Structures are given as C-alpha cells and as structure tokens.
Amino acid sequence: MERRYGGCTHLRVGASLDVEPCNDARLKRGTRTAEVKGAGIRQFFRNSRSFVLGAGIGSGMTARAAERAGADFVLALNAGRFRAMGGASPASILPIRNSNEFVASFGRTEILANTKLPVFFGACTFDPELDLDGWLDRIIKWGFAGVTNFPSVIHIDDERRSLLEKCGLGYSREIELLVKAAKRGLMTIGYTRSQSEARRMVEAGAEAICINFNLNRAVESGSDPSISLSELAARTNAVARVAQSVNKSAICLLGGGPITKPDELLDICRETGIQGFIGGSSLDRVPLEMSVLEVTSGFKTIHLLREKVDLLERQLQLSGFRHGVVAQSSAMKRILEITKRVAATPSPVLIWGEAGSGKRRIANLVHAFSDRRQAKAALFHCRPGPAMDTLGPLFGAERLESGRRQLSLLETSSDGAVVLLHVEQLSRDGQERLADYLETGGFTPLNGVTVMRSHARIIATATVERGAGLETVLCARLLALFTGLDVRLPSLPDRLEDLPQLIQHFTVEAKGDSSAQTLTIENSAFLALAGHGWPGNLRELRQVVNQLVTLPSSHITGEVLKPLLEAPSGARPAAALSERDWIIEGLKRNRLHRGKTARSLGLSRKTLYNKIKKLRILD
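Residues numbered from 1 in each chain as written. Predicted model: local features only at pLDDT ≥ 70, side-chain atom pairs only at ≥ 80, totals over all residues. Heavy atoms only, no water.

Draft legend 1. Layout of the overall build of the protein chain. If you tally the helices and strands in the protein chain, you get 26 helices and 21 strands. Put simply, the protein chain shows about 30,300 Å² of open surface, and 52% of that area lies on carbon and sulfur atoms. (Helix = DSSP H or I, 4+ residues; strand = E, 2+ residues; numbered from the N terminus. Areas by Shrake-Rupley, 256 points an atom, 1.4 Å probe, with all protein chains shown as cover.)

Draft legend 2. Examining the nonpolar core more closely. Counting 81 residues, the largest nonpolar core has Phe73, Phe121, Ile139 and Val147 as its most contacted members. Once you skip the residues sitting within four places of it in the chain, valine 147 turns out to touch Phe120, Phe121, Ala123, Leu136, Ile139, Leu177, Leu178, Ala181, Leu186, Met187, Thr188 and Ile189. Membership of the second largest hydrophobic core comes to 32 residues, among which are Ala530, Leu561, Leu603 and Ile617. (Core = buried A, V, L, I, M, F, W, Y, C linked by side-chain atoms within 4.5 Å. Buried < 20%, exposed > 50% of the residue type's maximum accessible area, 1.4 Å probe, protein only. Contact = heavy atoms within 4.5 Å.)

Draft legend 3. Molecular detail of the packing of aromatic side chains. Scanning all chains against the criterion turns up nine aromatic pairs. The interplanar angle of 75° and the centroid separation of 5.5 Å between the aromatic rings of phenylalanine 102 and phenylalanine 106 together place this pair among those described as edge-to-face. Here the residue phenylalanine 102 and the residue phenylalanine 106 both occupy positions in helix H5 (residues 99-114), the gap between them amounting to four residues, near one helical turn. Accessibility assignment for this pair places phenylalanine 102 and phenylalanine 106 in one class, buried. Between tyrosine 437 and phenylalanine 443 the ring centres are 6.2 Å apart and the planes differ by 75°, which places this aromatic pair in the edge-to-face class. (Phe/Tyr/Trp six-rings, centres within 6.5 Å; stacked < 30°, edge-to-face > 60°.)

Draft legend 4. Local environment of the pairing of strand E7 (residues 187-192). In terms of residue burial, E7 counts as a mostly covered element, since six of its six residues are buried. Burial along E7 is two-sided: the residues Met187, Ile189 and Tyr191 and Thr188, Gly190 and Thr192 are all buried. Relative to E7, strand E6 (residues 146-149) runs parallel, the two being bridged by three bridges. Bridge pairing links threonine 148 to isoleucine 189 in E7. (Pairing = 2+ DSSP bridges.)

Draft legend 5. Broad picture of unusual backbone geometry. Geometrically, the link from phenylalanine 150 to proline 151 is a cis peptide bond, its omega value of 5° lying close to zero. With phi around 65°, asparagine 447 is a residue other than glycine that occupies positive phi space. With a phi close to 50°, tryptophan 534 is a non-glycine residue in the positive phi region.

Draft legend 6. Up close: the pattern of salt bridges. If you walk through the whole model with that rule in mind, you get 17 salt bridges. Here arginine 428 ties to glutamate 432 by a salt bridge, and the two come within 3.5 Å at their closest N and O atoms. Taken together, the residues span about one helical turn, with arginine 428 and glutamate 432 both in helix H18 (residues 428-440) at a distance of four residues. Residue class for glutamate 432 comes out partly exposed when judged on its relative accessible area of 21%. Each of Asp133, Asp137, Glu176, Lys180 and Arg184 takes part in a single network of salt bridges with overlapping partners. (Salt bridge = Lys/Arg side-chain N within 4 Å of Asp/Glu carboxyl O.)

Draft legend 7. Local environment of the sheet that holds E6. Taken together, the eight strands give a closed barrel; going around it, the order is E3-E4-E5-E6-E7-E8-E9-E10, and neighbouring strands pair in parallel fashion. Ignoring strand direction, the axes of neighbouring strands in this sheet form an average angle of 25°. In the sheet, strand E3 (residues 52-57) pairs with strand E4 (residues 73-76) via four bridges, with the strands oriented parallel. Paired with glycine 54 across the two strands is phenylalanine 73, which belongs to E4. Packed onto the sheet, H5 meets E3, E4 and strand E5 (119-123) and runs at close to 165° relative to E5. Strands E7, strand E8 (208-211) and strand E9 (251-255) of the sheet are contacted by helix H10 (residues 229-246), whose axis makes an angle of about 155° with E9. (Axes fitted to C-alpha atoms, helices over the stretch in contact; angles between N-to-C directions.)

Draft legend 8. Up close: the sheet that holds strand E18 (residues 457-463). Ordered by their spatial adjacency, five strands build an open sheet running E12-E15-E18-E11-E19, and the pairing between neighbours is parallel. Two strands in the sheet have a free side with no partner beyond their single neighbour: strand E12 (378-381) and strand E19 (486-488). Taken pair by pair, the neighbouring strands of this sheet meet at an average axis angle of 15°, ignoring direction. Both strand E11 (residues 349-353) and E19 contribute to a ladder of three bridges, which runs parallel.

Draft legend 9. Looking closely at the environment of valine 464. Within the secondary structure, valine 464 is located in the loop between E18 and helix H19 (476-482). The exposure class of valine 464 is buried, given its relative accessible area of 7%. It is 7.2 Å that separates the C-alpha atoms of valine 464 and tryptophan 352, two residues lying 112 residues apart in sequence. Each residue touching valine 464, except ones within four places of it in the same chain, is listed here: Trp352, Gly353, Glu354, Ala355, Gly469, Leu470 and Val473.

Draft legend 10. Here's a closer look at a positive patch on the surface. A cluster of like positive charges, contributed by Arg334, Arg591, Lys596, Arg599 and Arg605, occupies part of the molecular surface. Along the polypeptide, arginine 605 turns up in helix H26 (residues 605-614). (Patch = residues over 30% accessible without salt bridge, like charges linked within 9 Å, V, L, I, M, F, W, Y side chains within 5 Å. Lys, Arg positive; Asp, Glu negative; His and termini not counted. Charge placed at Lys NZ, Arg CZ, Asp CG, Glu CD.)

Draft legend 11. Broad picture of the side chain of arginine 495. Considering the arrangement of structural elements, one finds arginine 495 in the loop between E19 and helix H20 (499-511). In this structure the side chain of arginine 495 is engaged in a polar contact, spanning 2.9 Å, whose partner is the side chain of aspartate 498. (Polar contact = N/O pair within 3.5 Å; in protein donor to acceptor, adjacent residues only side chain to side chain.)

Draft legend 12. Quick look at the pairing of E12. Along E12, the buried face is formed by Ala378 and Phe380; none of Leu379 and His381, which line the opposite face, is buried. With four bridges joining them, E12 and strand E15 (residues 417-421) adopt parallel strand pairing. Within E15, the position partnered with histidine 381 by the bridge is leucine 421.

Draft legend 13. Spatial organisation of the packing of helix H24 (residues 579-589) against H26. Contact pair H24 / H26: the axes reach a minimum separation of 11 Å and the direction vectors enclose 120°. By the angle between their axes, H24 is oblique relative to H26. In this structure, H24 crosses over H26, and the sense of that crossing is left-handed. Only Leu608, Lys611 and Ile612 of H26 make contact with H24, whose side of the interface consists of Glu579, Ile583 and Leu587. Tallied by class, residues from the contact of H24 with H26 come to four nonpolar, no polar and two charged. (Parallel < 35°, antiparallel > 145°, perpendicular 65-115°, else oblique. Left-handed = near helix turned anticlockwise from the far one by under 90°. Nonpolar A, V, L, I, M, F, W, Y, C, P; charged D, E, K, R; others polar.)

Okay, here's the thing in structure tokens:
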C-alpha cells in the first residue's frame, strides 16, 4: 500500500527508518551560510532588533519587497508558493508535489537571488526515502542560511498523523532534521503547536521555536474561526512558558494563524511577550489581493467615471444647444464647463469677447444654470448718453421736478438676475456705481442720498477688440471685482471645429424648420470658410448662412461663397489657407484624431484619408 503526504514522494506504511550518523565532512557553503556559521540563531536574534519579523513566502518579488520593508529573515515555504499560485496554505500538506524539490526550485532561482536576508529552507520529512544528511548538504551548498520543519505533522489531523508517527515519519523525524542542521552550522526554527511539542523541540536543543496553530484558508473564507485572538494569546502564553521552563533563553516566535493586521499582533504581543512574528498570508496573500483589488477597481472606476463624464458632457452640450450654444470644439466645451461652474455661485459674472461671439447666449445660459432660473432675468442695454437716461433706469433717480422717485431695475429684480449687455459702454460714473453695488449690495439713486439695498445678481457682457483685454474697456476697480468670475469667449477662427454644426444651426434658424435640409458644403467652400478672418464672428456667419439658404441650390461651392465673404472696405482680408494647411490645422485642433478631423472639416473619413495620402501630410 502506498500513500503520499505533504507533496513528497511515496510513503510505504510500516517502513522502518534507518538513521545514518551525522556526516562531519567539510562542505562548500554559500555566502549567506558562511556569514552565520557558528553563530547560531540565538546570536542572530541577539544582533537583531528586540522584535524580529520573518516572512514565510514563495516568490522572489515578495522576498525583495519584504527586505525593503524591514523584514529580518525569510522562509522559503511551499505554502508561500501555493499562495502565489492562487491556492491556499493548507495545500502545503497535500500530496500534490514533491515538497522539497518544489521549494528548492523557486528558493534557489528566485528567493536567494532577490534578497540578502538569511533564507530558511522549509524542509518536509514525510518522505521515507529522504536522506536527511544528503539533503542538508545540498541545502548548505545552495546557500541557505537555515532550515525549518515545514510542512509539519503538527498541521495534519490526528488520524493521519498517527500513521506517520507509527512509520517513524512524525515529529521525531522533524526534530532529527533540525538537530542535524544545527550541527552543520545552519540556523534552525522549529514549528510547534502544543506544549508537549515545544518541550520536545527545546529539550532536543532547538534555540528558537515558531508557535503556529493553524494554516489560513483563502481570503474569501477569512481566517480560521476555530481560534479567536484571545484564545490564541492564551495558548501562545502556555506554549512559551513550557519552552522557557526547559531553556529560559529559548526564543519564542508566533507564526501566522488568524493574525492578519498589525494591530492584532500588537494585542498578542502585549499579552504574551513573544519575541517575533513569522507572517505568511498576512504578508503576501492578504496585501497582494487587497492591492490588486484596489488597483483593479481603480482602473475599472476610471472607465465608469469616463462614461459618467461623457454623459455629463453630452448633457451639458444639450443644455447649451437649447440656448443656441453650439459646443463641439474643445474650446467651447471648456466654456460650457466654466459657465456651469460660475453659474453655481451667487457671485456676479462677466462674459466678454469680440463683437458677435455669442456673449448674450452664454449670459442666458449662466442664468439657466443658476438657482434663480425660475425667475426671468431682466435685460438692460448699457449705452452712452445723459446719466438720467442711461443710469436712471438701472439705479433709480430722484425726479426733482415731480418729487417722485424712479424705481431702479436692481430693486424690481432683487430676487432674480439682471443681464447688463455691453457694460463697457457705461460711463465712468456708471462703472463706479456698479462697483459700489457689487462690493456692498447697496446703491444710491441719482440725485438721492438714501442707500438702497438689493440682492439682484449681475450677469454682464463686455465687447473688446480682437487681441485686446478687459483693461481697455473697464475701470480697474470694476475689473478687479470680476476677476476669476469671467468667461472669455473664443473668436470664430479659434473654434473652426464648430463650423459644420453652426451652419446647420443657423440654417434651421433661418428656415424656421428643425427638419430643414442641411447645406452641402464642398471642400472648396470649407477651405474658404476656414480661411476667412470672421471679424464679425457668429453674427457674420449667421448673415452668410441667411444668404445661402435663399439660394436655389443647397449645394455650396467655393465660387458661391466667395462674393459673400468679400472683406468690407477698410478691413484686412485674412490670408487664405491652402488645402494642405487647412487639413493640417484640422488635424492639430483634433489632436490627430482622423474621425473627429473629418467631421470638423465636413469630409467623409475616406475622403480625408485619401487627401492625407495624396498631399503627403503624415509622411
């Protein structure tokens, strides 16, 4: 009858155990073994910190990480390798591999090569044909600094353990392994579970024991519920007392078990006074699984967040489109984001840009996004002229001849918003009065002395020349109050990606029909549109489209557009783009995304590919 235990070759029940005398021959040893030869594990721990940490692992990556984190020594265990392979610690005692050959394979090639820490070899003694002396000589030759009895019969159920004990393959053989290892100068750590095992191990000369009560299962099932932390502390204390009653210098370490967190170990240390900890699952499987879980979830969340952002962007664009704002270009998408951000505050907002750039529509959008959208915003056109006519309606006035006071727009709109169009046209006195209101919430009517209060929100627009700044049209004090609360609109040449959608939008507006036939713009016409300077921006484009929709044909060519885009007298015509430059500009604006470039230029993707190839743009 043959059986296998611990992943180690065949077991013949009833086989006798032949113990050979210790071979005292001098063998060549690795650097790590030479460094600790003759010192013993007690001296090693004496030279280490007051509390030592060992890592029972199964891969070079974990060994390297454990060393960098401050571990004192490493144990190459088959259980660590099974965990790294996705299994669990209990697999270490199953007859699925030759445990010693298994540990040697990854211990030599991975762990010894990736750490300078002392490495203990987890040796299995379940194999009746195993030559302990010969195997220990090989362990020394490979460069291991120590040996431990893992897997051990202490982790096997009583029935199967009794079979091994009857065959001479039980705990006595593990003790014999460690005794022979110590005679060869190897450091040893003896795994124990009970008080009797601890007594036998220390009486045999073991200087260090690892008290280990169970093997952790997979993370899904959690740590072994059969032993609580309080019970663990009590049992550890009992085993340690027995070991130190035999040899008061015996080093007692705690091994794994239900401990998975540092704070749990701290509680055990306070109650037991153990001198170190050997972590297995708590150092490799649990942190790795949690890390992979968190990182993978993070990457997955990015995908979900991107979908959410895309949805919000589409909703934002739809909200803007309902107010006549087309935002296909990246520049206008940013404008929508800024608009929504400033709209969410009760602060005043200034929308500024060139004439015809769509300031009034963005101002309406700010109000539509605000918490005052239920009340219709009051509209006020700022213009030059006598103060009574230009400032009276906004701030109110005391009529000297009639004795009646003119109510101000600020008062009647106290619970809503006032949209001030062309605020740059207010006189210096008007701008100063507006600055007073923005600072204090109060204002004085013309010819009056009493300060009036209002909560009306100000949404203003200002027009500047191309290339100019707000300082050219607003007083410094008023400009400072709008700083950080302003939205600068791009000119049409800076948002050419919006041209196709803008043309369609203005076509629908001109025809008054949402199902109106789209204008077909040939390449030559798009070249003309892209090369035009658009001094009048959207207003000018709307006028051009209004003329195009009156033509008998909806097929628009460059020749048809040319007379409509003639620069007015005194204006400098913009330099026309070549077809190659036109496509290059489109690719730059869309970050070389060919699908988006084709849509923004009004071309099919195939036509764009052919033109890129023909014009040798990306060569």
